[in-house]
Structures are given as structure tokens and as C-alpha cells.
Amino acid sequence: MSNKSGPSRRKFLTTGLVAGIAATGARAGAGDPAITNVQPWAQVLGKGVDERGYGMPSPHEAHVLRKSVPWLTAVDTSSINFTPLHQLDGIITPNGLAFERHHSGVAEINPSEYRLMINGLVDRPMVFTLQDLMRFPRHNKVYFLECTANSGMEWRGPQLNGVQFTHGMIHNVMYTGVMLKDILAEAGIKTEGKWLLAEGADAAGLTRSIPMEKVLDDCMIAFKMNGEALRAEQGYPVRLVVPGWEGNMWIKWLRRLEIGDQPWHHREETARYTDLLPSGNARRFTWVMDAKSVITEPSPQAPILHGKGPTVITGIAWSGQGIIPRVDVTIDGGVSWHKARVDGPSLDKSTHRFYFEFDWDGKPLLLQSRAHDTTGYVQPTKDALRKIRGEVSNYHNNGIQTWSVDSDGVVENVEIS
Amino acid sequence: MSKFLNATLIITLLAVPVFAGGIGRLATPDEVIAWDIDIRPDGLGLPEGSGTVADGETIFDAQCAVCHGDFGEGVDRWPALAGGFDTLTSDRPLKTVGSFWPYLSTVWDYINRAMPFGNAQSLSADEVYALTAYIMYLNEIVDDEDFELSKANFRDLPLGNEANFYPDDRPLTEYPLFTEACMIDCKSSVEISKYASGKDVTPE
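This structure is a prediction, so every number in the text was calculated from the model and none was measured.

(A) Representation of the overall build of chain A. Each helix and strand counted, chain A has seven helices and 24 strands in total. Relative to the compact-globule value of 22 Å for 417 residues, chain A shows a C-alpha radius of gyration of 24 Å, a close match. In terms of overall dimensions, chain A has a C-alpha envelope of 85 × 60 × 40 Å along the principal axes. Partitioning the intrachain contacts of chain A with sequence separation of at least 6 by distance along the chain shows that 72% fall at a separation of at least 24. Put simply, chain A shows about 16500 Å² of open surface, and 55% of that area lies on carbon and sulfur atoms. Of the charged side chains in chain A, 44 are positive and 45 negative, and the gap between their average positions amounts to 3 Å.

Dropping the structure here:
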């Protein structure tokens, strides 16, 4: 317990002990049946080794699922679902829980028929198979991928009562892949080549223009996530990785890279993923995801059930500009703030896990978190963003989230003065 | 076994040029033509072809109107393709080809690669020209049913909203404002101003 307002370790242990005995109503000579009874799993044999060739979570975790908001879209093949942030900890998103966004459903590609083409302003237009791609030097990087529309439904005010739905268009996994610049070097980029068009092989044929500076800096072509092949819904067999930049650019089912001297101004960078401002003008090429954080627990889907006493607040913070050197947490709606404890790896353009432990007196709370990044940027309030952007710009809502906790531990999505 | 290997080798050699340099092989011109379907605002990539508003209406009614509506107004939650004029500064902007899109090439490119939804890349170049012409007509960019869009006249027909787009300016207009982090006595009182409850929009 590093923060001043936190309880001492001794106090934490004593209260824990008292609560434990009280909860089970233990008398002398009696005890918790979870201990005093012999449980079936302690007596009979469990399943053998090959029962599950691919291991699945315990059946008791069957409620931990991605979920969609059906009224958002006309059809589930051009839609989105959300990562259950309130049920996860650490920084890595399990592959099966990483949110999905498709524009024409999930392409199911046979890897033996997978091809990647490079054409345009290159010395040699080229084709690579999956085996070819594996022959380039491999790199491992943990990056967050956030959809630019994450928290987009909240521009006009609090709407969705759950961190999964307000902030769940994000995942954070370790990619194994090869550097885009290494592959492009095989084709030879002509000097006029200033932009790259990346194109997907799915029925949406999704395309985005990416400036060459970014392409040659840290973009990757990934074929593994968290050590195993990409999931079909994440672009199997190959996706583009564009660290710190909006998720829509991370083309899944990547089939083609074209080099050009100008951007293409395709649908996903004109009609969509541009930010309409109150003036009627629109910003375009708003690629970077600004610093953002959110408390994942407690949150509306994860109320405080244990009553007053030692309480853990946790959440995630991230920035498209680098690492997160600091996260602040308030429990009184921003009258006073405390530095949270960042625990686990602090990696470039990856989510960071933070904790704040305190002794809850059972009175209502107003919880917020505030991320700082290495550029000196401090996560703004939603109202500060609205002052500049109005309420209809849809994308890039990285404003501070408020959760109101009542004396029963029930949590609600609110905004405060 | 060796017969199989030989046969594979011969097929591979016949079909594709090798690249002596390193990893991968050269793409054939036909392969590039098959996949390089993108169109740019300057018309780069447009194939030969043409289509009229009237042709486009016939195709649209048969293949598009079920989702996008007879007049491009959008059925239920399917996207609208027309209208929304003068709504960009309102609190319910309707962003369509006519009210918001900066480039006509984007319409051609998108229809050609992604529509009709669920049967992508099934339209001929002439059909895509005709549909693009019809969407222009629905947005009052052209008013003659005999108007014909083609590779030749494509670049003379800009959409209206291009000048209203500008590059990301957050580093100038936002980042300098967002650097303060008050830690104590930051405000004298706090009121809850807005609630999500009662909206009843959150799934179970």
C-alpha cells in the first residue's frame, strides 16, 4: 500500500479475517462446508489429458463473453461487439475475448490460398505466400488496438451502463510478425512512393491510406496473436499492425499493399473516420489515438459486493504516443486526486494496468481516472473535448469517464459538474 | 512421390515468374490487374466504360433499393446515400454522398469493391458508372436522366464538400490545452449532471 489514504497491511488482514468468519457464520466446532465437506473434485477423478485438445475456460466462466449492442447497426455482418473489460485483469486480452468489428462478416481464408501482393510505385510488383512471410525476421510486440468509435455513443452524455459498452472497443495482445519495411524492401519502393494503400481480402475489401513515414517506422504484418495464429475474426491468416493509430487502419485478411504518391481518399477515410466539427468542417487523417484511461472495476457491470472496508479500484490506461508514466484516480469526483499504482509491464503503445487500494467508508463515491502520457498530455474531461469538437464528431472520444457508486455498491455511468 | 514433385515444379515454373533476389516472386501483369481495383480522386485506376442515370436507376431498383431506399434515403438503419443537405452544422447531421463526401471517385471505388452488400465485386464497370451517375442524380448533382458518366468526364464532376475537410490539427488546437493535472482542492463542489439510467439502451 503505497498511497497515503490506503489502509495499512495489518488492518487489511484483520478486517479480512473478521469478514470471513462473519460471512460463514462460523461457530466453534462448526465451519465452512466448502472446507468441512469433502468436495467431489477432491475425491473422484477428473477428465483425462486429451479431453480438450484446445483448452477452454472453466464452465464457471461461461458468462465472460464479448457482447454487441444490437440497436447500433442494421445487421450483424457489419457490426461490432465489445471486450468484457470489467471481467479482465492484467494487460493482455485473451484471443477469444478481443472485440470484433467487421464490415462484411468474418472472411474464412484457407492459408494455402493466402497471397499478399505488393504493387504500385515499386521496382518489382511481388507476391508472397504465408510461408514466404515467415522467412522474414520476426518481431514480438504488445500493442493496443482501439476502434476510433470507442466511447463514441457517449458524446451527447452517458448512455450505456457498462464499461464493456462504453470502452470495450479495445484489445491488447502480443503480435508476432514481420516489419512492413522489410517486406517492402523486397519490392523496392520508388522515391515518389509516399503513401501505402492496404487492402483486405474480405467482401468489404477494406482499404486505408497510410503515410510512408509511419509504414517505415513501426508497422508490422502479424500472423500470430498471443503466440497462436490470429483468430479468423482478427484477420487470419495475416493482419496489418499500425501501432497507436486508429483500429480501422489495421487491415485484417490483408491481401494487397500498393505504393502511391498520394492518398486514395477511400470511403473509410472520407465518409467515415473523419471528425465533423460544429463549424461543419471535418478533420481528416486523425490517425493517432490520444491518451485515455478507464476504471474497469468497480463499474456498472462489476458493482462492489463486499460492503465497506478494503476496496480495490482497477483499470487500464493507454496512449498512441508511447507509454503511460502516470495515472491519477479520484474517488470524490475530482476534488482531490491520488496517483494510482501501475502494475505489470509498461510497454510502448500498450495498455497499462493500474490499481488504487483504499478503505471504503460505505458512502457514495464518484470515481474517475486520468491518464498522462510521455508527451505531457493529460487526458481531458468530456466537456473540454465537447468545447472544441461539439457532440456529433463520433470518433476519438478519450474524455474522462465517471462512475457513480451508491452506498450499496451499485455503480452507474454519469457525468458531473 | 517424385512424379508429384516434378509436376508441381513444372506448373509453378509455367505459371509464375520467379524472383532471383530473395523471398517471394514477381507478380504477373494479369494478377496485378485482377487485384488492383482501387480508384483515386484524380481518376487513376478508372477502367474504360460508361453508364447513364436511367441505366443506374434500373440497377439500383433491382439491387440496392431494398436496403438504401428508392431515393437513397436508407430503409430503417441501412445507410442513406442521398439528402442531408445543410445538416452538417445541425445537431443531427446526415452525412451522405451529397451532403458530406468529398470525392466522386470514392463512390465509384466503394460500390465497385463492396456493394451490393453480400455480393461484392459482382458489378461490371458500366454498371458501376451507371450507379454512380444515379447516386449523383439522387443528390441533385446532375438533373438529366440521360446524363452519362464515363471515364472521360469523371474528373470534371467534383462533389461539393471537399473544401470543408482539413488535416488533423489536434497538435495545435488541443494538445497545448490538455496538460494540467490538479491534485488537491480542485473544485469546491461536485454535482451529478447526467445519468445513463432510465435510458434503457444497455444490453443485458
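(B) Focus on the layout of surface pockets. Residues and elements named next belong to chain A. Roughly 510 Å³ of volume is contained in the second largest pocket. Taken together, 25 residues form the lining of the second largest pocket, with Trp337, Arg370, Pro380, Thr381 and Ile400 sitting closest to its centre. When residues of the lining of the second largest pocket are traced back to their parent elements, those giving at least two are strand E22 (365-372), helix H7 (382-389) and strand E24 (411-416). Here the lining of the second largest pocket is built from residues that sort into 11 nonpolar, seven polar and seven charged.

(C) Structural context of the environment of Ala340 of chain A. All names here are of chain A. With respect to the secondary-structure elements, Ala340 resides in the loop between strand E19 (338-339) and strand E20 (341-343). In sequence terms Ala340 and Val329 are 11 residues apart; their C-alpha atoms lie 6.0 Å from each other. For Ala340, the residues in contact, after removing those within four places along its chain, are Val327, Asp328, Val329, Phe354 and Tyr355.

(D) Quick look at the sheet that holds strand E14 (residues 275-276) of chain A. Spatially, E14(A)-E15(A)-E4(B) is the arrangement adopted by the three strands of the open sheet, whose pairing is mixed. The open sheet has two edge strands, E14 of chain A together with strand E4 (165-167) of chain B, and neither has a second partner. Bridging between strand E15 (residues 282-284) of chain A and E4 of chain B involves three bridges; their strand directions are parallel. Paired with Arg284 of chain A across the two strands is Pro167 of chain B, which belongs to E4 of chain B.

(E) Quick peek at the pairing of E22 of chain A. All names here are of chain A. With eight of eight residues buried, E22 lies mostly within the body of the structure. Burial along E22 is two-sided: the residues Leu365, Leu367, Ser369 and Ala371 and Leu366, Gln368, Arg370 and His372 are all buried. Bridge count between strand E18 (residues 326-330) and E22: five bridges; the pairing is antiparallel. Counted as the bridge partner of Asp328 is Arg370 from E22. The pairing of E22 with strand E23 (residues 402-405) spans four bridges and is classified as antiparallel. Bridge pairing links Leu367 to Trp403 in E23.

(F) Here's a closer look at the pattern of salt bridges. Per the counting criterion, the structure on display carries 35 salt bridges over all chains. The salt bridge involving Asp290 of chain A is made with Arg170 of chain B; its shortest N-O contact spans 3.0 Å. You can see Asp290 of chain A sitting in the loop between E15 and strand E16 (292-297) and its partner Arg170 of chain B sitting in helix H7 (residues 170-173), one on each of two chains. Across the pair, Arg170 of chain B and Asp290 of chain A agree in class, each one buried. Between Asp348 of chain A and Lys349 of chain A there is a salt bridge, with its nearest N and O atoms 3.1 Å apart.

(G) Fine view of the nonpolar core. By size, the foremost hydrophobic cluster in this structure holds 66 residues, and its most contacted members are Phe128, Leu133, Ile221, Leu240, Leu254 and Leu257 of chain A. Among all residues touching Phe128 of chain A, those that are not within four sequence positions of it are Tyr114, Arg115, Leu116, Ile118, Leu133, Phe136, Ile183 and Glu186 of chain A together with Ile23 and Gly24 of chain B. Ala282 of chain A together with Leu46, Leu81 and Leu123 of chain B belong to the second-largest nonpolar core, a separate cluster that totals 41 residues.

(H) Highlighting the environment of Asn153 of chain B. Note that Asn153 of chain B resides in the loop between strand E3 (148-150) and E4. Among the polar contacts made by the side chain of Asn153 of chain B, one reaches the main-chain amide nitrogen of Ser150 of chain B at a distance of 2.9 Å.

(I) Quick look at the state of the cysteines. According to the stated counting rule, one finds one disulfide over all chains in the structure shown. Between the sulfur atoms of Cys182 of chain B and its disulfide partner Cys186 of chain B the distance amounts to 2.1 Å. Measuring handedness by torsion sign, the sulfur bridge of Cys182 of chain B and Cys186 of chain B sits at about -100° and is left-handed. Accessibility expressed as a relative area gives 26% for Cys186 of chain B, which makes it partly exposed. Left without a disulfide partner, Cys147 of chain A is nearest to the cysteine sulfur of Cys219 of chain A, which lies 18 Å away. Summary of cysteine pairing: Cys67 of chain B is not part of a disulfide, and the nearest cysteine sulfur, belonging to Cys64 of chain B, is at 8.8 Å.

The rules we used
- Residues numbered from 1 in each chain as written.
- Chains lettered and ligands numbered in written order.
- Predicted model: local features only at pLDDT ≥ 70, side-chain atom pairs only at ≥ 80, totals over all residues.
- Heavy atoms only, no water.
- Helix = DSSP H or I, 4+ residues; strand = E, 2+ residues; numbered from the N terminus.
- Rg over C-alpha atoms; globule rule 2.2 N^0.38 Å.
- Contact = heavy atoms within 4.5 Å.
- Areas by Shrake-Rupley, 256 points an atom, 1.4 Å probe, with all protein chains shown as cover.
- Lys, Arg positive; Asp, Glu negative; His and termini not counted.
- Charge placed at Lys NZ, Arg CZ, Asp CG, Glu CD.
- 1 Å grid on protein atoms, 1.4 Å probe; cavity = no way out; pocket = protein on both sides within 12 Å on 5 of 7 lines; lining within 4 Å.
- Points joined across faces, edges and corners; volume = space filled by probe spheres on them.
- Nonpolar A, V, L, I, M, F, W, Y, C, P; charged D, E, K, R; others polar.
- Pairing = 2+ DSSP bridges.
- Buried < 20%, exposed > 50% of the residue type's maximum accessible area, 1.4 Å probe, protein only.
- Salt bridge = Lys/Arg side-chain N within 4 Å of Asp/Glu carboxyl O.
- Core = buried A, V, L, I, M, F, W, Y, C linked by side-chain atoms within 4.5 Å.
- Polar contact = N/O pair within 3.5 Å; in protein donor to acceptor, adjacent residues only side chain to side chain.
- Disulfide = S-S within 2.5 Å.

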